[in-house]
Amino acid sequence: VQLVESGGGLVQPGGSLRLSCAASGRTFSRYTMGWFRQAPGKEREFVAGHRSSGGSTHYADSVKGRFTISRDNAKNTVYLQMNSLKPEDTAVYYCAAGRSIILSSIGSQNAYDYWGQGTQVTVSS
């Protein structure tokens, strides 16, 4: 599986961006998809996840109510809609894919098998 993110850029505080992650392969619907981010000088952290089984979504507390993860299996694409952006959301955002990820592990980087190259999101006035 190859993952390619797009949609990053510079946005003012309070603004919105939508990230996309296009996946190769014919079994996209079987993968749990996740978004992670890494800010300068910090470790990579979980942002949001969308399970393949049942389709439930899960978010880090820091983005709940502001970010929405969704997927279009017909297009092999997962999205991250980011609203009410804050300067602390500035980071490189990564898309990840994994099979058979149990709910308790959806936020764990080690549970994912495939990663994109990342897209930069900068929130600044």
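Read on for a plain summary of the structure. What you are looking at is a predicted structure, and each value in this text was computed from that prediction instead of being measured.

**Details of the environment of valine 92**
- Summarising the element assignment, valine 92 is placed in strand S9 (residues 91-98).
- Sequence separation between valine 92 and leucine 80 is 12 residues; the distance between their C-alpha atoms is 13 Å.
- The contacts of valine 92, once residues within four sequence positions are left out, are Phe36, Arg37, Gln38, Gly118, Thr119 and Gln120.

**Some details on unusual backbone geometry**
- One non-glycine residue, asparagine 76, adopts positive backbone phi at about 55°.
- Mapped onto the secondary structure, asparagine 76 falls in the loop between strand S7 (67-72) and strand S8 (77-82).
- Since its relative accessible area comes to 16%, asparagine 76 is described here as buried.

**Concerning the sheet that holds S7**
- Taken in spatial order, the four strands make up an open sheet running S1-S3-S8-S7, and their pairing is antiparallel. Since the sheet does not close on itself, it has two edges, and those belong to strand S1 (3-6) and S7, each with one partner. Taken pair by pair, the neighbouring strands of this sheet meet at an average axis angle of 15°, ignoring direction.
- Across six bridges, the pairing between S7 and S8 is antiparallel.

**Here we look at the packing of aromatic side chains**
- Tallied over the full model, the rule gives five aromatic pairs.
- Summarising the aromatic geometry, the rings of phenylalanine 36 and tyrosine 112 are spaced 5.2 Å apart at their centres and angled 80° between planes, so their arrangement reads as edge-to-face. Here phenylalanine 36 is found in strand S4 (residues 32-38), whereas its partner tyrosine 112 is found in the loop between S9 and strand S10 (114-115), with 76 residues between them in sequence.
- Phenylalanine 36 gets classed as buried once you look at its relative accessible area, which sits at 0%.
- A relative accessible area of 5% means that tyrosine 112 is categorised as buried.
- Centre to centre, the rings of phenylalanine 36 and tryptophan 115 are 5.0 Å apart; their planes meet at 55°, and the pair counts as tilted. On the criterion of sequence distance, the pair formed by phenylalanine 36 in strand S4 and tryptophan 115 in strand S10 is long-range, its members being 79 residues apart.
- Assessed through its relative accessible area of 27%, tryptophan 115 is described here as partly exposed.

**Topic: the pairing of strand S5 (residues 45-50)**
- Counting buried positions over the six residues of S5 gives five, a clear majority of the element.
- Relative to S5, S4 runs antiparallel, the two being bridged by five bridges. Counterpart to glycine 34 in the pairing with S5 is glycine 49.
- Where S4 folds back on S5, the antiparallel hairpin that results is connected by six residues, among which glycine 41 adopts a positive phi of roughly 75°.
- As paired elements, S5 and strand S6 (residues 57-59) share three bridges and run antiparallel to each other. What sits directly across from histidine 50, in S6, is threonine 57.

**Quick notes on the side chain of threonine 32**
- By the element assignment, threonine 32 lies in strand S4.
- Take threonine 32: its relative accessible area is 2%, and that puts it in the buried class.
- Among the polar contacts made by the side chain of threonine 32, one reaches the main-chain amide nitrogen of serine 52 at a distance of 3.3 Å.
- Setting aside residues no more than four positions away along its own chain, threonine 32 makes contact with His50, Arg51, Ser52, Arg71, Ala96, Ala97, Gly98, Ile101, Ile106 and Tyr112.

Cut-offs and rules
- Counting starts from 1 at the beginning of each chain's written sequence and moves along it residue by residue.
- Thresholds applied to this predicted model are a pLDDT of at least 70 for local features of residues and 80 or more for the giving and counting of side-chain atom pairs; totals over whole chains, interfaces and linings are not thresholded and use all residues.
- Each side-chain value is worked out from all heavy atoms of the structure, with water and hydrogens disregarded.
- Only DSSP runs of H or I covering at least 4 residues are called helices, and only runs of E covering at least 2 are called strands; the numbering of each starts at the N terminus.
- Throughout, a residue-residue contact means that at least one pair of heavy atoms, one from each residue, lies within 4.5 Å.
- Only protein chains enter the accessibility calculation, which uses a 1.4 Å probe; a residue is then buried when its area is under 20% of its type maximum, exposed when over 50%, and partly exposed in between.
- Here the rule is simple: two strands pair whenever DSSP picks up at least two bridges between them.
- Lines fitted to C-alpha atoms define the axes here, with helix axes fitted over just the stretch in contact, and angles between the N-to-C directions of these axes take values from 0 to 180 degrees.
- Centres within 6.5 Å make a pair out of two Phe, Tyr or Trp rings, where for Trp the six-membered ring is used; the pair is then stacked when the planes are under 30 degrees apart, edge-to-face when over 60, and tilted otherwise.
- Two N or O atoms count as a polar contact when they lie within 3.5 Å, although within protein this holds only if one can serve as hydrogen donor and the other as acceptor, and sequence-adjacent residues are included solely when both atoms are side-chain atoms.

Nothing here speaks to function; it is all geometry.
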